[in-house]
Amino acid sequence: MVYRYPCKCRTCDATFALRVGIGHEGSQRHFFLCPFCEEECSISLALDFNQGQASISSTDNCTIPEDVSMAQTCSYKVVNLHPDYIVPFDQRHQDGVFPWLKDTMRFYEVLKKYDKGTHRLKDMRDLINFNESFVDNWQILNRAWSLVGNNRLRLSRNVLKAYRWIYEKGNGSLWSALHDFSRGMLFPERGRLLEMYGEFLEEIRDRHADGLAAFIAFYEKTFREENFRQYRQVFNEYFRDFSEYKQTLNYIRCGVELPRGSFASSRGFERVKMFYGNAFEALTSNFVVPACLNNVWNNREFDRFETMDLSKYVSIDKSGRGNPFANNSKINFLLESVNTTIRNASHHGSIRLLKGRDIIEYRSGGTGARREMSYAEYIHHCNTLVMNLFIMFAVELKIGEQ
Ligand SMILES: [Zn+2]
């Protein structure tokens, strides 16, 4: 579904037409350039799916004129926006086009394999979003988690009642709800990687039960609390700007490649430019769990690496923390999109969006060589890190239950 609105730039007074695709969340925000003066504008949309209503509000540098008829907007220059899909660059101002339909079909080809046996899945919308808002559900979990941290357990249970379960209810605890949510985020194709990690853990349990038990006891005492704090912090930052990341999220969830030459129609770059660095830090810091499990899998004590011990491992640079399991084909998918050059640029602010283009420029630390990628690719990398954070989080939730 696409809604059409007139929009007037406050900087240059030009009026144009917004064509906004409707996503799955209760609200969506879009950052875009005025097609005339190229200054940034932003709008947000509040959606009521029960009533089938949407209300738009301008949030920066534009207004939504009320005295312009829909017919008048037909002669206006168009800005296409969609929260769930990227748009071919040459169609970003084209009227009457629905470029996302092609990608919808590509997602559907993947999703239809999963239709059987999942009772609540009726259509595309259910398939990909389970008819739930990820942001709303996350906010419930985050509140319940905060209350547990303050030892307000009864209040936490009350808050958790509003959580909408994606799969089966489990034991109804906060931890099982967080696991349920993680699986939902990873559905469908990334869920297979979670299964792979789970099988790896089962193999260790079968062959090295004592080594695994020793690691779990140590993990619960030493790492669990800090690891969980990092997961929660990154997920909070992620869902704060979910409208940005959602633009390429489903491509990753469905294992569909980003089409070349497409661009992310919303570019809230200033809000997300630090995110890659933050997600990188949390991910590589929590690599300690797969790294120790890899030791056990290789017939060693959990704290014995090939060339060092655990105290040395936790002191090495984060960029090297994935090296111990880089050759383990069962878990080395966790290294996808781990790129020290992007991390350094994101962390030190030496990354910028080139105005009027979809290109991010950054420089490598060593030689200072100039590098580029599209904004869509940048958020794609961010999403890949987040998917792997959800996989590691889901595994740690289960480890804690042993
Ligand atoms: Zn303007």
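Calculation criteria
- Residues numbered from 1 in each chain as written.
- Predicted model: local features only at pLDDT ≥ 70, side-chain atom pairs only at ≥ 80, totals over all residues.
- Helix = DSSP H or I, 4+ residues; strand = E, 2+ residues; numbered from the N terminus.
- Expected span 1.5 Å × (residues − 1).
- Contact = placed C-beta atoms within 7 Å.
- Core = buried A, V, L, I, M, F, W, Y, C linked by C-beta atoms within 7 Å.
- Buried ≥ 20, exposed ≤ 12 C-beta atoms within 10 Å, placed from the backbone.
- Domains from an automatic or database assignment.
- Nonpolar A, V, L, I, M, F, W, Y, C, P; charged D, E, K, R; others polar.
- Pairing = 2+ DSSP bridges.
- Axes fitted to C-alpha atoms, helices over the stretch in contact; angles between N-to-C directions.
- Parallel < 35°, antiparallel > 145°, perpendicular 65-115°, else oblique.
- Left-handed = near helix turned anticlockwise from the far one by under 90°.
- pLDDT = per-residue confidence, 0-100.

## Examining helix α12 (residues 275–286)
Here is step 1 of the chain: Taking 1.5 Å as the rise per residue, α12 with twelve residues should run 16 Å; its terminal C-alpha atoms sit 17 Å apart, in good agreement.
Here is step 2 of the chain: Where α12 is buried, its residues touch α9 (224–240), α11 (269–272), α13 (288–297), α15 (340–347) and α16 (375–399).

## Digging into the nonpolar core
Here is step 1 of the chain: Core analysis: the biggest nonpolar cluster contains 79 residues, and A279, C382, L389, F390 and I391 have the highest contact counts within it.
Here is step 2 of the chain: When residues in this core are grouped by element, the largest group, 16 residues, is from α16.
Here is step 3 of the chain: Among all residues touching I391, those that are not within four sequence positions of it are L186, L193, L194 and Y197.
Here is step 4 of the chain: The next biggest cluster of nonpolar side chains, apart from the first, holds 18 residues, and it includes L18, F32, V78 and V79.

## Things to note about the domain arrangement of the protein
Here is step 1 of the chain: One can read the domain layout of the protein as domain 1 (2–81) and domain 2 (134–399).
Here is step 2 of the chain: With twelve residues of domain 1 at the interface, the matching set in domain 2 holds eleven residues.
Here is step 3 of the chain: Where the side of domain 1 that touches domain 2 is concerned, the elements lending two or more residues are β3 (27–33) and β7 (78–81).
Here is step 4 of the chain: No other element matches the six residues that β3 contributes to the side of domain 1 that touches domain 2.
Here is step 5 of the chain: Of the residues assigned to the side of domain 1 that touches domain 2, the class counts are four nonpolar, five polar and three charged.

## Overview of unusual backbone geometry
Here is step 1 of the chain: P188 follows F187 through a cis peptide bond whose omega is -5°.
Here is step 2 of the chain: Turning to its location among the elements, P188 is positioned in the loop between α6 (174–186) and α7 (189–207).
Here is step 3 of the chain: Unlike most non-glycine residues, E38 shows phi in positive territory, near 60°.
Here is step 4 of the chain: The exposed category is assigned to E38, around which 12 C-beta atoms lie within 10 Å.

## Brief notes about the environment of R19
Here is step 1 of the chain: In this fold, R19 is placed in strand β2 (residues 15–21).
Here is step 2 of the chain: In this structure, the C-alpha to C-alpha distance between R19 and L178, residues 159 residues apart in sequence, is 35 Å.
Here is step 3 of the chain: Once residues within four sequence positions are removed from consideration, R19 is found in contact with V2, R4, V78, N80 and L81.

## A closer look at helix α10 (residues 242–253)
Here is step 1 of the chain: Across the twelve residues that make up α10, a large majority, twelve, are buried.
Here is step 2 of the chain: Immediately downstream of α10, the backbone of G255 shows phi near 70°, a positive value.

## Examining the pairing of β7
Here is step 1 of the chain: Residues of β7 alternate between two faces, with V78 and N80 on one and V79 and L81 on the opposite face, all of them buried.
Here is step 2 of the chain: Note that β2 and β7 share four bridges and pair parallel. What sits directly across from R19, in β7, is N80.

## Here's the deal with the pairing of strand β4 (residues 40–48)
Here is step 1 of the chain: On β4, burial follows the alternation: C41, I43, L45 and L47 on one face are buried, whereas E40, S42, S44, A46 and D48 on the facing-out side are not.
Here is step 2 of the chain: Judged from the seven bridges that link them, β3 and β4 form a sheet pairing that is antiparallel. Along β4, the bridge assignment pairs L33 with E40.
Here is step 3 of the chain: When β4 meets strand β5 (residues 53–60), the two strands line up antiparallel, connected through seven bridges. Residue pairing in the sheet places S44 in a bridge with S57 of β5.
Here is step 4 of the chain: The hairpin turn running from β4 into β5, its antiparallel successor, is four residues long, and G52 in that turn takes a positive phi close to 65°.

## Regarding the environment of G198
Here is step 1 of the chain: For G198, the location among the structural elements is in helix α7.
Here is step 2 of the chain: Taking the number of C-beta atoms within 10 Å as the measure of exposure, G198 has 14 and is therefore partly exposed.

## Re the packing of helix α4 (residues 134–149) against α6
Here is step 1 of the chain: At a minimum axis separation of 11 Å, α4 and α6 run at an interaxial angle of 155°. The orientation of α4 relative to α6 falls into the category roughly antiparallel. Considering the relative orientation of α4 and α6, their crossing is left-handed. Between α4 and α6, the residues in contact are F134, N137, W138, L141, A144, W145 and V148 and L174, A177, L178, F181 and M185, respectively.
Here is step 2 of the chain: A class-by-class count of the residues in the contact of α4 with α6 yields eleven nonpolar, one polar and no charged.

## Section: the confidence of the model for the protein
Here is step 1 of the chain: Mean pLDDT over the protein stands at 91; residues scoring 70 or higher make up 95%.
Here is step 2 of the chain: Confidence, read as mean pLDDT per element, is least for helix α3 (residues 124–129) in the protein (60) and greatest for α13 (98).

## Some words on the sheet that holds β4
Here is step 1 of the chain: In space, the three strands of this open sheet follow the order β3-β4-β5, with antiparallel pairing throughout. A single partner strand is all that each edge strand has here, and the edge strands are β3 and β5. Here the strands of the sheet are splayed against their neighbours by 20° on average, with no regard to which way each runs.

## A closer look at the packing of α10 against α16
Here is step 1 of the chain: Relative orientation of the contacting elements α10 and α16 amounts to 65°, with a least axis distance of 8 Å. The orientation of α10 relative to α16 falls into the category roughly perpendicular. As for the relative orientation of α10 and α16, their crossing is right-handed in sense. In this structure, α10 uses E244, Y245, Q247, T248, L249 and I252 to contact α16, whose residues at the interface are A376, I379, H380, C382, N383, T384 and M387.
Here is step 2 of the chain: Its residues placed into classes, the contact of α10 with α16 shows seven nonpolar, five polar and one charged.

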